[in-house]
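A closer look at the structure
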Amino acid sequence: MSDLLDFKQLIGVSREIVGFTGAGISTEAGISDYRSQGGIWDKFRPVYFDEFMSSKDARTEYWRRWVELYQGIVRAQPNPAHLALAKLHENGLLRAVITQNVDGL
């Protein structure tokens, strides 16, 4: 609990904050990640750029994967972590969010 209190104190005295997130923030919102067991790459193989450009079958595979991922994205709702970042933004403290996520949450 001490670490959480220290973190809250640090946030409280900060003038600017950068959020750094990855798949974990959105898996909690119900969006499947790529690499974990049961994730997108368990169901679909990765399609790399050169293969995408040279193979109709690879493009079809890519878009099948995207459709499944998109279905999770449209159902997802922001979770407490997303809402905390939004609150920091509303309070003028959040300078930026750095993420690889494509879900828009």
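Analysis parameters
- As a convention, each chain's residues are numbered from 1 in the sequence order in which they are written.
- Local features are withheld for residues below a pLDDT of 70 in this predicted model, meaning they are given only at 70 or higher, and side-chain atom pairs are given and counted only at 80 or more; totals for whole chains, interfaces and linings count all residues.
- For the side-chain quantities, the full set of heavy atoms in the structure was used; hydrogens and water were omitted.
- Per the convention used, a helix needs a DSSP run of H or I reaching at least four residues, while a strand needs a run of E reaching at least two, with both numbered from the N terminus.
- Just to be clear, the radius of gyration here is over C-alpha atoms, and the globule rule we use is 2.2 Å times residues to the power 0.38.
- Working definition: with a 1.4 Å probe on protein chains only, accessible area under 20% of the residue-type maximum means buried, over 50% means exposed, and in between means partly exposed.
- We call two residues in contact whenever any of their non-hydrogen atoms come within 4.5 Å of each other.
- The convention is simple: Lys and Arg are positive, Asp and Glu are negative, and His and the chain ends are not counted.
- In this description, the location of a charge corresponds to atom NZ of lysine, CZ of arginine, CG of aspartate or CD of glutamate.
- The salt bridge definition used is simple: a Lys or Arg side-chain nitrogen within 4 Å of an Asp or Glu carboxyl oxygen.
- Expected span, for any helix, means 1.5 Å times one less than how many residues it has.
- What the arc measures is the spread of directions leading from the helix axis to the C-beta atoms.
- Throughout this description, a polar contact denotes any pair of N or O atoms lying within 3.5 Å of each other; where both atoms belong to protein, one of them has to be capable of donating a hydrogen while the other can accept it, and for residues adjacent in sequence the pair is counted only when both atoms sit in side chains.
- Here pLDDT means the predictor's own confidence in every residue, given as a number from 0 to 100.

Quick word on the overall build of the protein
Tallying secondary structure elements over the protein gives 6 helices and 2 strands in all. Listed N to C, the secondary structure of the protein is α-β-α-α-α-α-α-β in terms of helices and strands. Compactness check: the protein gives a C-alpha radius of gyration of 18 Å against a globular reference of 13 Å for 105 residues, more than 25% above the reference. Judged by the C-alpha coordinates and their principal axes, the protein covers about 55 × 25 × 20 Å. Residues counted as buried form 27% of the 105 residues belonging to the protein. Considering only intrachain contacts with a sequence separation of at least 6, the fraction spanning at least 24 residues in the protein is 66%. Taking the average location of the 12 positive side-chain charges in the protein and that of its 13 negative ones, the two points are 5 Å from each other.

Things to note about the pattern of salt bridges
For side chains bearing opposite charge, pairing can occur when the charged atoms are close. Following the criterion strictly, the structure yields 3 salt bridges and no others. Here Arg95 ties to Glu16 by a salt bridge, and the two come within 4.0 Å at their closest N and O atoms. Highlighted residues: Arg95 in strand β2 (residues 94–98) and Glu16 in the loop between α1 (2–13) and β1 (17–20), separated in sequence by 79 residues. The pair formed by Arg95 and Glu16 is uniform in burial state, with each residue classed as exposed.

As for the environment of Pro80
Locating Pro80 in the fold gives a position in helix α6 (residues 80–90). Counting along the chain gives 27 residues from Pro80 to Met53, while the straight-line C-alpha distance between them is 39 Å.

Some details on helix α5 (residues 56–75)
For α5, with 20 residues, the first-to-last C-alpha span of 29 Å sits near the 28 Å given by 1.5 Å per residue. All of the buried residues along α5 are Ala58, Glu61, Arg65, Leu69, Gly72 and Ile73. For α5, the angular spread of buried residues about the axis comes to 120°, placing them on one side. More than 90 degrees from the buried face of α5, the exposed residues found are Lys56, Asp57 and Arg75. Where the residues of α5 are buried, they touch α3 (40–43) and α4 (49–54). With a side-chain oxygen positioned 3.3 Å from the backbone nitrogen of Asp57, the residue opening α5 is Ser55.

A short note on the confidence of the model for the protein
Considering every residue of the protein, the mean pLDDT works out to 86; 95% of them sit at 70 or more. Across the protein, element-level confidence peaks in α4 with a mean pLDDT of 96 and bottoms out in α1 with 75.

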